[in-house]
Amino acid sequence: MAKIHEVAEAAGVSISTVSYALSGKRSISPATRDRVERAAARLGYEPNAGARMLAGRRTHIFALTEPFRADTHAPTHMSFVLATSIAARRYDYDILLLTDAEASAGMRRVSASGLVDGIIVLDVAPRDDRVALSRAIDVPTVFIGVPDDVEGLVCVDLDFEAAAALAVDRLADAGHRRIGFLGHPESAYALSNFPPRVRRGIEQAARHRAVVLSTAFPGEGDGRRRDIGDAVRRMIGEGVTALALHCDDAAHSAVLEELAAAGLSVPGEMSVVSVGSSFDTSSFATPLDRIPLEPDISCELAVELASRLAGGEHVEPGVRLTAPRYQPFGSVSAPR
C-alpha cells in the first residue's frame, strides 16, 4: 500500500495538504483536492481508519458480536461467523469479531470508537441486553435471530416455526400419529431464541395435525447420554413411531445408537427427521432427512441490509424470515 508521502510527491503538495484534502479537516481548493484524490487513487492509497472516521467516511468494517459461552456449540456458531465473513467480503467489508461473554460490552466499545459502519448480532437470546443497546447507539445494527422484543429492530433468520411444522407435516403425511420430539437441554431455551421457536412450532403443528406428541429435553454434562437413552426408550414404550430431532450431532448419534440397540431400523420401525441442523445428516451410518439451518442464506441477507443501512439507505424495521427447505435422505416411511 502506498504511503502518504508518496501521494504528496505525486500530487506536488505537502504531506499536511494530503491529510487535509482527504480528511476534510481544513478547506482545500477544489483543484488541489482533485489532484490529491487522483494521486491517491492511482497509487492505491487508503487513509487509516482513524482518518476515515474523521472525514465521516465509511470504514468498511462490520462488528460481529458473537458471545462465546461454556455451552456454545462451536461448529454451529462458527458456521455463522464464516458465512457472515464471506458475505461481507462480497460487499467489500471486513469483520471485527467480538466474543465477549458479556456481549453488550464489546458492542458498546465499538460503537463509541467509531471504528465500524455497522454491527451484526449473533446468538440472540429471547431477552437480550443488546436489543436496548441497539436502540441507544448510532451505529446501524442487524440481528441474525429474533428476540422477544423486536420493536424497531431489523432481524433476519430461518423461519424455525415453519421448519418445525414442515417436519411434523412430513411425518403426519406419512401416517405417523405418535411423534417424539427430542430437543436441547432446558437451559438452551432461555439462552437462545431459536430453540423455543422450534419447540413452539412442533407443539402447534402437532395440535393442528391431531398428532400425539411426546417431548424430551436431555440435560447437559456427563448424564446427557443416559438422559437420551432414557428418553428414547420411554418414547418407544409410549408407541412413538417417528422422531423429530432438534439437538447437536452427538445427540443425533446417540439416538441412532439407542434405536439400533432396541432392534428398531430407520425408517422401517422408526422414522426420523432432523430440524434446523447445521451438520450433514447424510453422513451418519443411517442418513437422516433434514431441514437444514443454512446460515449462508440468513447471513447474506443480514450483510446486505447492514450495508444498505451503513450507506444511509432507509431499511424498514421488521423480521425477515427465510423459508425452510426439506432434504430427503430416506429416513421417513409409513409406520408398520
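The structure we're discussing is the one just above.
Now for a description of the structure that goes with this document. (Residues numbered from 1 in each chain as written. Predicted model: local features only at pLDDT ≥ 70, side-chain atom pairs only at ≥ 80, totals over all residues. Heavy atoms only, no water.)

## Side note on the environment of Arg 209
Quick reminder of the rule: Secondary structure follows DSSP: runs of H or I at least 4 residues long count as helices, runs of E at least 2 residues long count as strands, and numbering of each begins at the N terminus. In what follows, residue pairs with any heavy atoms lying within 4.5 Å of each other are defined as contacts.
Relative to the helices and strands, Arg 209 is located in the loop between helix 10 (194-208) and strand 7 (212-216). As for Arg 209 and Pro 292, which are separated by 83 residues in sequence, their C-alpha atoms are 23 Å apart. Those residues in contact with Arg 209 that sit more than four places away from it in its chain are Val 168, Asp 169, Ala 172 and Asp 173.

## Quick notes on the pairing of strand 6 (residues 178-182)
Formally: Only protein chains enter the area calculation, which uses a 1.4 Å probe; residues under 20% of their type maximum are buried, those over 50% are exposed, and those in between are partly exposed. DSSP calls a pair of strands paired once it identifies at least 2 bridges connecting them.
Burial runs high along strand 6: 4 of the 5 residues are buried. The pairing of strand 6 with strand 7 spans 5 bridges and is classified as parallel. Its bridge partner being in strand 7, Phe 181 is matched across the sheet by Thr 215. Bridging between strand 6 and strand 8 (residues 242-245) involves 4 bridges; their strand directions are parallel. Across the sheet, Gly 180 pairs through a bridge with Leu 243, a residue of strand 8.

## A look at the sheet that holds strand 7
Stated precisely, the cut-off is as follows: Each axis is a line fitted through C-alpha atoms, and for a helix only the stretch in contact is used; angles between axes span 0 to 180 degrees, taken between their N-to-C directions.
In spatial order, the strands read 7-6-8-9-10; together these 5 strands make up an open sheet with parallel pairing. Among the strands making up the open sheet, the edge pair consists of strand 7 and strand 10 (289-292). Strand-to-strand, the axes of this sheet are offset by a mean angle of 20°, without reference to chain direction. Across the sheet, helix 12 (residues 249-261) is in contact with strand 6, strand 8 and strand 9 (271-277); its angle to strand 8 comes to roughly 165°.

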